[in-house]
Amino acid sequence: MSAEPPPAARAWRTALVMIVRDGGAGLSRALASMAPWVDEMVVLDTGSIDDSVARARAAGARVAHFTWVNDFSAARNAALDLAGADWHIVLDADEWLIDGGPVLAALRQQAPDHVGRIEVDSDQGEGQDSAPSWLSRVLPGAVRYRGRVHEQPAHTLPVRPLAVRLGHAGYRPAALAAKAGRNATLLQAALHEQPQDAYLWYQLGKDHDVYERWAEAVDAFNQAEQHLAGAAPAWLHDLTVRRLHALKRCGRHAEAFEQARQGLERWQQSPDFFFALGDLLLDWAAEQPALAPELIPMIEDAWQRCLALGEHPEHEGAVRGRGSHLAAGNLALLYDMVGRPADAAHCRQLAAQR
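Model, not experiment: these values are computed from the prediction.

1. Overview of the overall build of the protein chain
Along the backbone of the protein chain there are 14 helices and ten strands. Relative to a compact globule of 354 residues, whose C-alpha radius of gyration would be 20 Å, the protein chain shows 22 Å and is just as compact. Counting over 354 residues, the protein chain shows a buried share of 49%. Excluding contacts between residues fewer than 6 apart, the proportion of contacts in the protein chain whose partners are at least 24 apart in sequence is 67%. Accessible surface, the protein chain as shown: approximately 16400 Å² in total, 53% of it carbon and sulfur.

Printed below as a string of structure tokens:
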């Protein structure tokens, strides 16, 4: 029996909505993964010079064109207007559906009265563990985006988690190289207009961090934290962990340790926080060997805390493995270094159970 209801039972129309520029083979994969689960696929091309338009049409998508104006929200909103469905599922060309097709199909029987939050699992490249994010990508028809870059849907609706998972190839090294400088330019233009926007500062810091501009990343993250107002946003977790790493890369160990000490109570349930703390302290011990006797027990405690906590993928920016095999592997190396072979062997067994 088909998992999909007969057409007469469908109360609400669903559409995949994409903006695309030079999507290449990734676009074909994205559309093929979504085609069985939606009523229509809409692709708005913003100036491709590759075969993206032909690929989209071959996959069965409705294609239109949009003149790029350095504003992601403008393009996304034009695509949403074009689709005009009751539910819009938003993907990029470097994403694809891994799990959850029946959940998307079931939207046809659900009133569009909430926003759906789904998992986007980012591939970091060969040998790297993936990093999941939970993003609002299932939108009622009236919801539109706001923001020149790293745009967000603007609404007051409840947000519900959906059992849907996307893959994302945009953080692979080749993809990052192709996009270098683009987002930073747009973010700086947006900050010129909205210099008090904490989220824009966070995204600028994240862009600096991804492209290894460590000092600039720290400055932007600090600006983001200074401009926070009200309840702590979900992205504060990712900011905190990234800033510890950036400070380490700048050699500012004491400053990073003080920030970690201040954040200890807030992040007690975060393996990513303790993983970054152990990494920071190990680098400090290597730079100043006289501190090693004091720091090594703290390093061990930080990574043991990771194992005790286990994985917490609900935290924004969490990296899979920091609560399990990555922490165990680091502990094995630490125990080798301090002459504890039995403990090292035990941790290697744990690290192998990934």
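Read on for the rest.
2. Here's the deal with the sheet that holds strand 10 (residues 159-168)
Think of a sheet as strands paired side by side through backbone hydrogen bonds, with each pair either parallel or antiparallel. Sheet architecture is open: eight strands sit in the order 3-2-1-4-7-6-10-5, paired in mixed fashion. Each of the sheet's edge strands pairs with one partner strand only, and the pair in question is strand 3 (62-65) and strand 5 (95-99). Along the sheet, successive strands turn relative to each other by an average axial angle of 35°, direction set aside. Note that strand 2 (residues 40-45) and strand 3 share four bridges and pair parallel. Following the sheet pairing, Val 43 is matched in strand 3 by Val 63.

3. What to know about the packing of helix 8 (residues 214-226) against helix 9 (residues 236-249)
One way to put it is that helix 8 packs onto helix 9 with a least axis distance of 9 Å and a crossing angle of 145°. Remark: the crossing between helix 8 and helix 9 carries left-handed chirality. Contacts from Trp 214, Ala 217, Val 218, Phe 221, Asn 222, Ala 224 and Glu 225 in helix 8 reach Leu 236, Leu 239, Arg 242, Arg 243, His 245, Ala 246, Leu 247 and Arg 249 in helix 9.

4. Some details on the pairing of strand 1 (residues 14-20)
Where burial is concerned, most of strand 1 is hidden: seven out of the seven residues are buried. In strand 1, alternate side chains face the same way, and those of Thr 14, Leu 16, Met 18 and Val 20 on one face and Ala 15, Val 17 and Ile 19 on the other are all buried. Alignment of strand 1 against strand 4 (residues 87-90), held across four bridges, turns out to be parallel. From the neighbouring strand, Thr 14 faces strand 4, where its bridge partner is Trp 87. Sheet topology places strand 1 next to strand 2; six bridges connect them, and they run parallel. Note that in strand 2 the partner of Ile 19 across the bridge is Leu 44. With helix 1 (residues 24-34) bridging strand 1 and its parallel neighbour strand 2, the resulting β-α-β unit is right-handed.

5. Structural notes on the pattern of salt bridges
Should the charged atoms of two oppositely charged side chains come close, the side chains can pair. Evaluation of the coordinates by the stated rule reveals 24 salt bridges. Between Asp 279 and Lys 248 there is a salt bridge, with its nearest N and O atoms 2.8 Å apart. Pair noted here: Asp 279 is in helix 11 (residues 271-287) and Lys 248 is in helix 9, with a separation of 31 residues, a long-range link. On the accessibility criterion, Asp 279 (23% relative accessible area) is partly exposed. With relative accessibility at 13%, the residue Lys 248 sits in the buried group. One network of salt bridges, with partners in common, ties together Asp 99, Glu 119, Asp 121, Arg 165 and Arg 320.

6. Some points on the environment of Leu 186
Looking at the secondary structure, you find Leu 186 in helix 6 (residues 182-193). Classification of Leu 186 by relative accessible area gives buried; the value is 7%. Linking Leu 186 and Arg 148, residues 38 residues apart in sequence, is a C-alpha distance of 7.0 Å. Ignoring anything within four residues of it in the chain, the contact list for Leu 186 reads Asn 70, Phe 72, Arg 148 and Val 149.

Cut-offs used in this document
- Residues numbered from 1 in each chain as written.
- Predicted model: local features only at pLDDT ≥ 70, side-chain atom pairs only at ≥ 80, totals over all residues.
- Heavy atoms only, no water.
- Helix = DSSP H or I, 4+ residues; strand = E, 2+ residues; numbered from the N terminus.
- Rg over C-alpha atoms; globule rule 2.2 N^0.38 Å.
- Buried < 20%, exposed > 50% of the residue type's maximum accessible area, 1.4 Å probe, protein only.
- Contact = heavy atoms within 4.5 Å.
- Areas by Shrake-Rupley, 256 points an atom, 1.4 Å probe, with all protein chains shown as cover.
- Pairing = 2+ DSSP bridges.
- Axes fitted to C-alpha atoms, helices over the stretch in contact; angles between N-to-C directions.
- Left-handed = near helix turned anticlockwise from the far one by under 90°.
- Right-handed = clockwise from strand over helix to strand, strands pointing away.
- Salt bridge = Lys/Arg side-chain N within 4 Å of Asp/Glu carboxyl O.

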